[in-house]
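# Survey of secondary and tertiary structure
This is what each chain is made of:
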There are 2 protein chains.
Amino acid sequence: MRPNADPPRPTDAELEILTVLWSRGPSTVREVHEGIARRKPAQYTTVLKLLQIMAEKGLVQRDERQRAHVYRASRPREWTQQQLAGDLLRRAFGGSAAGLVLGALSARPASPEELAEIRRMLDEYEKGGEKC
Amino acid sequence: MRPNADPPRPTDAELEILTVLWSRGPSTVREVHEGIARRKPAQYTTVLKLLQIMAEKGLVQRDERQRAHVYRASRPREWTQQQLAGDLLRRAFGGSAAGLVLGALSARPASPEELAEIRRMLDEYEKGGEKC
DNA sequence: AGATTACTACGAAGGCGTTCGTGAGTCAAG
DNA sequence: CTTGACTCACGAACGCCTTCGTAGTAATCT
């Protein structure tokens, strides 16, 4: 409907579907359903309905050229992750990125390798983000 | 109702109320309402109803000894932040803490001071968290 | 052609979150 | 005692999320 407007924040069920689309690439309803059903039992028509609603919202785009419509996420994974992280940052952490990092680490203890990866990422981010 | 069970994840409106309670300490409905109304117009009874529901869920505890009941958050801010961060980490980032950190930094660019604070926090966390 | 399968569209139900109006009770002042 | 201010309790409304059943249409098979 509004092709250029930002899609709204995905809900829980929508995020699960987007995860499948991001990892599989453009997929039919059946393929998404198979990807979902591994973890959570769901009827085929439930996934179909979700995808239809998500298409209305602009979260996914639909290619109707084949009989089995092909859906693809309209935003890349990183973009959506950024939206969600920013949203939580604002709502629950008062904008404190340090607070969010601490919260994440406390919630799911990170291995030394992962800590090293975070540090590496901080370095890279500090170099790249010289826009002020 | 279930005093020792973990309260569920707070919703958006509930989180706003909790934020007031965390910063003000135990408060009456009127005080919470004044704290909320600064940013978002809301009727007194809306805040009252929210607090009643939150008490049922166990998100807040109510002291009825005064005529104006006094509510307090049943979990500290850090605990709830940890829940929320862990939840997002699992749902949207596949458990990758590095991904979450990158998402947060991309969403709201951090100042060099904040980056330094994050690094300091990582060091401290690495020292303190020596529990396999 | 007729039957079976695969797919989309649609409507409806149930639950939850949010908002607010109304009623009833309590307390203090006139 | 009556009035007015303040408080809690409750129900209702509305919209959104999620789930699923049913119906209709297109392709395929015998």
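Here's a quick rundown of the structure. All residue numbers here refer to positions counted from 1 along the written sequence of the relevant chain. Chains carry letters from A onward and ligands carry numbers from 1 onward, assigned in written order. For a predicted model such as this one, the threshold for reporting local features is a pLDDT of at least 70, and the threshold for listing and counting side-chain atom pairs is 80 or more; totals across whole chains, interfaces and linings nevertheless cover every residue. Excluding hydrogens and water, the side-chain figures rest on all heavy atoms present in the structure.

## As for the protein's contact with DNA strand D
- By convention in these notes, a residue is near a molecule or strand provided one of its non-hydrogen atoms lies within 4 Å of it. Neighbouring DNA strand D are 22 residues, the closest being T11 of chain A together with R30, Y44, R62 and H69 of chain B.
- Within 4 Å of the protein, the contacting atoms of DNA strand D are drawn from sugar and phosphate to the extent of 66%.
- Pairs of N or O atoms within 3.5 Å make up the polar contacts considered here, provided that, within protein, one atom can donate a hydrogen while the other can accept it, and that residues adjacent in sequence are counted only when both atoms are side-chain atoms. A distance of 3.5 Å separates a base nitrogen of DNA strand D from a polar side-chain atom of T45 of chain A.
- One of the backbone N or O atoms of H69 of chain B is found 2.9 Å from a phosphate oxygen in DNA strand D.
- Residue assignment for the surface near DNA strand D shows that the elements contributing at least two residues are helix 1 (12-24) and helix 3 (44-57) of chain A together with helix 2 (29-37) and helix 3 (44-57) of chain B.
- In this description a helix means any DSSP run of H or I spanning at least four residues, a strand means any run of E spanning at least two, and both kinds are numbered starting from the N terminus. In terms of residue count, helix 3 of chain A provides more of the surface near DNA strand D than any other element does, six residues in total.
- Under the scheme applied, nonpolar residues are Ala, Val, Leu, Ile, Met, Phe, Trp, Tyr, Cys and Pro; charged residues are Asp, Glu, Lys and Arg; polar residues are all the others, including Gly. By residue class, the composition of the surface near DNA strand D is seven nonpolar, seven polar and eight charged.

## A few points about the sheet that holds strand 1 (residues 27-28) of chain B
Residues and elements named next belong to chain B.
- Sheet architecture is open: three strands sit in the order 1-3-2, paired in antiparallel fashion. Each edge of the open sheet is held by one strand with a lone partner, namely strand 1 and strand 2 (60-63).
- In terms of strand pairing, strand 1 meets strand 3 (residues 70-73) through two bridges, oriented antiparallel. Counterpart to S27 in the pairing with strand 3 is Y71.
- Note on contacts: a residue pair is in contact if any heavy atoms of the two residues lie within 4.5 Å. Lines fitted to C-alpha atoms define the axes here, with helix axes fitted over just the stretch in contact, and angles between the N-to-C directions of these axes take values from 0 to 180 degrees. Here helix 1 (residues 12-24) sits on the sheet and contacts strand 1, strand 2 and strand 3; the angle it forms with strand 3, its principal contact strand, is near 95 degrees. Paired strands, in this sense, are two strands between which DSSP finds at least two bridges.

## Digging into the protein's contact with DNA strand C
- In the neighbourhood of DNA strand C, 22 residues make up the surrounding shell, with R30, Y44, R62 and H69 of chain A together with T11 of chain B lying closest.
- Counting only the atoms of DNA strand C that lie within 4 Å of the protein, the sugar and phosphate share comes to 61%.
- Here T11 of chain B contributes a side-chain N or O atom positioned 2.4 Å from a phosphate oxygen of DNA strand C.
- The side chain of K57 of chain B places a nitrogen or oxygen atom 3.4 Å from a phosphate oxygen of DNA strand C.
- Listed by contribution, the elements that provide at least two residues to the surface near DNA strand C are helix 2 (29-37) and helix 3 of chain A together with helix 1 and helix 3 of chain B.
- Of the residues contributing to the surface near DNA strand C, the split by class is seven nonpolar, seven polar and eight charged.

## Brief notes about the side chain of E114 of chain A
- Relative to the elements of secondary structure, E114 of chain A occurs in helix 6 (residues 112-128).
- The cut-offs for exposure are 20% and 50% of the maximum accessible area for each residue type, with area from a 1.4 Å probe on protein chains only; residues under the lower value are buried, those over the upper are exposed, and the others partly exposed. By the counting rule applied here, Lys and Arg register as positive and Asp and Glu as negative, while His and the ends of each chain are not counted. For this document, the term salt bridge refers to a Lys or Arg side-chain nitrogen within 4 Å of an Asp or Glu carboxyl oxygen. As a buried residue without a salt bridge, E114 of chain A has its nearest oppositely charged side chain in R108 of chain A, at a separation of 7.9 Å.
- Not counting residues within four places of it along the chain, the set of residues in contact with E114 of chain A comprises G95, S96, A97 and A98 of chain B.

## Section: the sheet that holds strand 2 (residues 60-63) of chain A
Residue and element names in this part refer to chain A.
- Pairing in this open sheet of three strands is antiparallel, and the strands run 1-3-2 from one edge to the other. The strands lining the two open edges of the sheet, one partner per strand, are strand 1 (27-28) and strand 2.
- Looking at chain direction, strand 2 and strand 3 (residues 70-73) are connected through four bridges and run antiparallel. Residue pairing for strand 3: D63 is matched across the bridge by V70.
- Against the sheet, helix 1 makes contact with strand 1, strand 2 and strand 3, and its axis sits at roughly 95 degrees relative to strand 3, the strand it touches most.

## Considering the nonpolar core
- The criterion is simple. A nonpolar core is a set of buried Ala, Val, Leu, Ile, Met, Phe, Trp, Tyr and Cys residues joined through side-chain atoms within 4.5 Å. In terms of nonpolar packing, the biggest core is built from 70 residues, with I17, L51 and L105 of chain A together with L51 and L105 of chain B touching the most fellow members.
- Setting aside residues up to four positions removed in sequence, L105 of chain B forms contacts with A97, L122 and Y125 of chain A together with A110, L115 and I118 of chain B.

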